[in-house]
Amino acid sequence: GAGVSQSPSNKVTEKGKDVELRCDPISGHTALYWYRQSLGQGLEFLIYFQGNSAPDKSGLPSDRFSAERTGGSVSTLTIQRTQQEDSAVYLCASSKQGITEAFFGQGTRLTVV
Amino acid sequence: SQQGEEDPQALSIQEGENATMNCSYKTSINNLQWYRQNSGRGLVHLILIRSNEREKHSGRLRVTLDTSKKSSSLLITASRAADTASYFCAGDAGNNRKLIWGLGTSLAVNP
């Protein structure tokens, strides 16, 4: 596609349920980031995939959060047993190897009720 | 902290005035980038300045970089109401390491 695509755009879930957020990066981009942003706040780094290297998971806030990237392309961020504090916008970005400009998707707004 | 810092956190100006935002960082970087975010959704890349550059222009944007002070500034000249957004800096340390982001400056340009 022409840009980074994230789905769903909005997700409302009940506390305790699991959710999966999807990111389709720009074709050929080897780097993929997941960030979380609460209202009016900055970007909170979650996880970084770069090519075939082991992902940098240092930003995942708890073991309820996990992410995978299949075939070096599509990525899924999974949040298990969601809590109200997980409510935020989850942003995905991708970039080419050696070119650091990051291209962002429009995000998924997650609301846990 | 792995994050850069930006000041001011919030800035409110009148249309036509210039807006200056600053960013400081802690690690050595290969380049520093500025991004804009409207309405809490995806960020858009504005400009990149490399570590061997001191100043760069793009339209009404002017970016400076002082590697000795580990700081950068973004100047928007002749601001417009449409410039209202949040502005973030991001440092790239190279070697495929992840970008390090500032906390952002929220700019309001009043008509």
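As shown above, the structure is provided for reference.
The structure presented is a predicted model; accordingly, all values stated were derived computationally and were not measured. (Residues numbered from 1 in each chain as written. Chains lettered and ligands numbered in written order. Predicted model: local features only at pLDDT ≥ 70, side-chain atom pairs only at ≥ 80, totals over all residues. Heavy atoms only, no water.)

Q: Lay out the interface of chain B and chain A with the relevant residues and their values.
A: Listed by partner, the interface residues are 20 residues for chain B and 26 residues for chain A. Taken together, the links from chain B to chain A amount to one salt bridge. Breaking the side of chain B that touches chain A down by element, the ones donating at least two residues are β4 (31–37), β5 (43–50) and β9 (85–92) of chain B. With four residues, β4(B) is the largest single contributor of residues to the side of chain B that touches chain A. Considering only residue class, the side of chain B that touches chain A consists of seven nonpolar, nine polar and four charged. (Contact = heavy atoms within 4.5 Å. Salt bridge = Lys/Arg side-chain N within 4 Å of Asp/Glu carboxyl O. Helix = DSSP H or I, 4+ residues; strand = E, 2+ residues; numbered from the N terminus. Nonpolar A, V, L, I, M, F, W, Y, C, P; charged D, E, K, R; others polar.)

Q: I'd like a description of the layout of surface pockets, backed by residues and values.
A: Of the voids in this model, the largest pocket is the one considered here, and its volume is about 500 Å³. Around the largest pocket sit 24 residues that line it, and Gln37(A), Leu39(A), Gly40(A), Gln41(A) and Gly42(A) are the ones nearest its centre. If you list the elements that add at least two residues to the lining of the largest pocket, you get β8 (88–95) and β10 (108–112) of chain A together with β1 (5–7), β9 and β11 (105–110) of chain B. With three residues, the single largest contributor to the lining of the largest pocket is β10(A). Along the lines of polarity and charge, the residues of the lining of the largest pocket split into six nonpolar, 15 polar and three charged. (1 Å grid on protein atoms, 1.4 Å probe; cavity = no way out; pocket = protein on both sides within 12 Å on 5 of 7 lines; lining within 4 Å. Points joined across faces, edges and corners; volume = space filled by probe spheres on them.)

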